[in-house]
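# Fold and contact review
So the chains spell out like this:
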Amino acid sequence: MRQTAIVMLALVVLLSMASFPAKVSGATDEYESLEFFLDQSLKREKDPEKRTEILNRYLIKALGLVYQQNQELIRLQQQILNATKELRDIEKKERREMEIQMQKNQ
C-alpha cells in the first residue's frame, strides 16, 4: 500500500516537473489582446505625450499580468516542494521500518 502511494506521489511530482508548460489562466491570450489594443491605440494617436501616456497604461497592465503569472508559479512551486517533502518523509519512515525489521531478524 505504501509503495503504491510512494510510486503515485513520485509519478505526480515527476509529471508536474516534466510536463509541457501550460497556459496559466489564459495569459497568452491576455498578452495578445493587450498587444493588439496597444497597437490600435498607438496607430490612432499622433501626439507624443498621449502616446507615452498610452504606453504607460499598457505597461502597468502588462506588469499586472506578469505579477499574476508569478503568483501562480510560486503556488505551483510550493505544491511541488510540499509533495517532495512528503515523499522524503515517507521514504524516511520506510527506512526506519526496514531497519527495525532487520534488527528484529538478527
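Structure's up top.
Now for a description of the structure that goes with this document. These figures come from a predicted structure and were not determined experimentally.

Thresholds applied
- Residues numbered from 1 in each chain as written.
- Predicted model: local features only at pLDDT ≥ 70, side-chain atom pairs only at ≥ 80, totals over all residues.
- Heavy atoms only, no water.
- Patch = residues over 30% accessible without salt bridge, like charges linked within 9 Å, V, L, I, M, F, W, Y side chains within 5 Å.
- Areas by Shrake-Rupley, 256 points an atom, 1.4 Å probe, with all protein chains shown as cover.
- Salt bridge = Lys/Arg side-chain N within 4 Å of Asp/Glu carboxyl O.
- Lys, Arg positive; Asp, Glu negative; His and termini not counted.
- Charge placed at Lys NZ, Arg CZ, Asp CG, Glu CD.
- Helix = DSSP H or I, 4+ residues; strand = E, 2+ residues; numbered from the N terminus.
- Buried < 20%, exposed > 50% of the residue type's maximum accessible area, 1.4 Å probe, protein only.
- Core = buried A, V, L, I, M, F, W, Y, C linked by side-chain atoms within 4.5 Å.
- Contact = heavy atoms within 4.5 Å.
- Phe/Tyr/Trp six-rings, centres within 6.5 Å; stacked < 30°, edge-to-face > 60°.
- Lys NZ or Arg CZ within 6 Å of the ring centre and 35° of its normal.

Glancing now at a positive patch on the surface. A surface patch of like charges, here positive, comprises Lys 85, Arg 88, Lys 92, Lys 93, Arg 95 and Arg 96. Residue position: Arg 96 is located in helix α3 (residues 48-105). The class of Arg 96 is exposed, set by a relative accessible area of 51%.

Glancing now at the nonpolar core. Across soluble globular proteins, you tend to see nonpolar side chains buried next to one another. Leu 34, Leu 38, Leu 42, Ile 54, Tyr 58 and Leu 65 together form the largest nonpolar core, which totals six residues. Only α2 (27-44) and α3 provide two or more residues apiece to this core. With residues up to four places along the chain from it excluded, the contact list for Tyr 58 reads Leu 34, Phe 37, Leu 38 and Ser 41.

Let's shift gears to the packing of aromatic side chains. The description of two aromatic rings rests on the distance between their centres and on the angle between their planes. Inspection of every chain in the model, using the stated rule, returns one aromatic pair. Pairing Phe 36 with Phe 37 gives two aromatic rings, centres 5.3 Å apart and planes at 70 degrees, and the pair type is edge-to-face. Sitting over the face of the ring of Tyr 58, Lys 61 holds its NZ or CZ atom 5.0 Å from the ring centroid.

Our focus in this paragraph is the side chain of Ser 41. Among the secondary structure elements, Ser 41 is positioned in helix α2. Assessed through its relative accessible area of 13%, Ser 41 is described here as buried. Contacts of Ser 41, omitting those with residues within four sequence positions, involve Ile 54 and Tyr 58.

No statement about biological role is implied by the geometric values presented.
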